[in-house]
Amino acid sequence: MEVLEASPDLAPMLTSYARECLESGIPKYLGVEQSPEAYLSDLVTRSKATSELPNGYLPSTTYYCVSDSEILGAIRVRKGSNAHVENAIGHIGYETRPSARGKGVASYLLAWVRDHVVTDSVIVTCSIDNPASQKVIENCGGEYLGIFTDESEGTVRRYRLART
């Protein structure tokens, strides 16, 4: 497995990843199949942003876990902070391709980001209904901070993660 920063070069691999994620109920990939290059270009632009984006979004960099020319998972690292990030969605968000779940992809991605990207401690959250993600965060050294309930995100477990 290797971790690659989002770039238009990944478009041929992104289509099947986006389709599988969307079919499993991850709405963020709606429409990606029609233009994976545009989606990836938007991610590159977001990564280069230097201030808060519209609707309270923060600049972020997306990385993909790739093996045998297939994307297995994605992780986003948000730059900066606001109340929504601190309490509900965290500085780091990730998902694993449904057919690759249970194979260590999320742990690999989160540990890689912790060791290669994170400079200060960050907040990572997961739904209270997602014990697999809870285990990933805790195994990567996440310090449990408590729960938070948000209108759009539901009830989440909050963790602090620091570079080791």
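Look up: the structure comes first, before these words.
First things first, this report covers the structure right here in the doc. Keep in mind that this is a model prediction, so the values were computed, not measured.

1. Focus: the layout of surface pockets
When its volume is computed, the largest pocket comes out at roughly 1,500 Å³. Along its surface, the largest pocket is lined by 45 residues, and K28, R76, G93, Y94 and E95 are the ones closest to its centre. Elements with a minimum of two residues in the lining of the largest pocket: α2 (36-48), β2 (60-67), β3 (70-78), α3 (83-89), β4 (92-96), α4 (105-116), β5 (122-127) and α5 (131-139). When its residues are assigned to classes, the lining of the largest pocket shows 18 nonpolar, 17 polar and 10 charged. By volume, the second largest pocket amounts to about 190 Å³. Lining the second largest pocket are 13 residues, with V77, R78, K79, T119 and V122 sitting closest to its centre. When residues of the lining of the second largest pocket are traced back to their parent elements, those giving at least two are β2 and β3. When grouped by side-chain class, the residues that make up the lining of the second largest pocket number 5 nonpolar, 5 polar and 3 charged.

2. Quick look at the packing of aromatic side chains
Taken as a whole and judged by the stated rule, the model has 5 aromatic pairs. Here the aromatic rings of Y17 and Y29 are separated by 5.5 Å at their centres, their planes lie at 85°, and the arrangement is edge-to-face. Linking Y17 in helix α1 (residues 11-23) with Y29 in the loop between α1 and α2, this pair joins segments that are 12 residues apart in sequence. Taken individually, Y17 and Y29 each receive the classification buried, so the pair is uniform in this respect. Of the aromatic side chains, those joined through ring pairs into one cluster are Y17, Y29, Y39 and Y64. Sitting above the plane of the Y29 ring, K28 keeps its charged end 5.8 Å from the centroid. If you follow R46 out to its NZ or CZ, it ends over the ring of Y57, 5.2 Å from the centre.

3. Describing the packing of α1 against α2
Put simply, α1 and α2 touch, their axes get as near as 9 Å, and they point 100° apart. In terms of orientation, α1 lies roughly perpendicular with respect to α2. Counting all contacts with α1, which are made through A11, L14 and T15, the residues of α2 involved are P36, E37, Y39 and L40. Of the residues belonging to the contact of α1 with α2, the class tally is 5 nonpolar, 1 polar and 1 charged.

4. Regarding a nonpolar patch on the surface
A cluster of nonpolar side chains, namely I128, Y144 and I147, defines an oily patch on the protein surface of about 290 Å² accessible area. In this structure, I128 sits in the loop between β5 and α5. By relative accessible area, I128 is classed as partly exposed at 37%.

5. Observations regarding the environment of G93
Here G93 shows up in strand β4. By relative accessible area, G93 is classed as buried at 11%. Between the alpha carbons of G93 and T125 there is a distance of 7.8 Å; along the sequence they are 32 residues apart. Apart from residues lying up to four places away in sequence, G93 is in contact with A74, I75, R76 and R78.

Definitions and limits used
Residues numbered from 1 in each chain as written. Predicted model: local features only at pLDDT ≥ 70, side-chain atom pairs only at ≥ 80, totals over all residues. Heavy atoms only, no water. 1 Å grid on protein atoms, 1.4 Å probe; cavity = no way out; pocket = protein on both sides within 12 Å on 5 of 7 lines; lining within 4 Å. Points joined across faces, edges and corners; volume = space filled by probe spheres on them. Helix = DSSP H or I, 4+ residues; strand = E, 2+ residues; numbered from the N terminus. Nonpolar A, V, L, I, M, F, W, Y, C, P; charged D, E, K, R; others polar. Phe/Tyr/Trp six-rings, centres within 6.5 Å; stacked < 30°, edge-to-face > 60°. Buried < 20%, exposed > 50% of the residue type's maximum accessible area, 1.4 Å probe, protein only. Lys NZ or Arg CZ within 6 Å of the ring centre and 35° of its normal. Axes fitted to C-alpha atoms, helices over the stretch in contact; angles between N-to-C directions. Parallel < 35°, antiparallel > 145°, perpendicular 65-115°, else oblique. Contact = heavy atoms within 4.5 Å. Patch = residues over 30% accessible without salt bridge, like charges linked within 9 Å, V, L, I, M, F, W, Y side chains within 5 Å. Areas by Shrake-Rupley, 256 points an atom, 1.4 Å probe, with all protein chains shown as cover. Salt bridge = Lys/Arg side-chain N within 4 Å of Asp/Glu carboxyl O.

No statement about biological role is implied by the geometric values presented.
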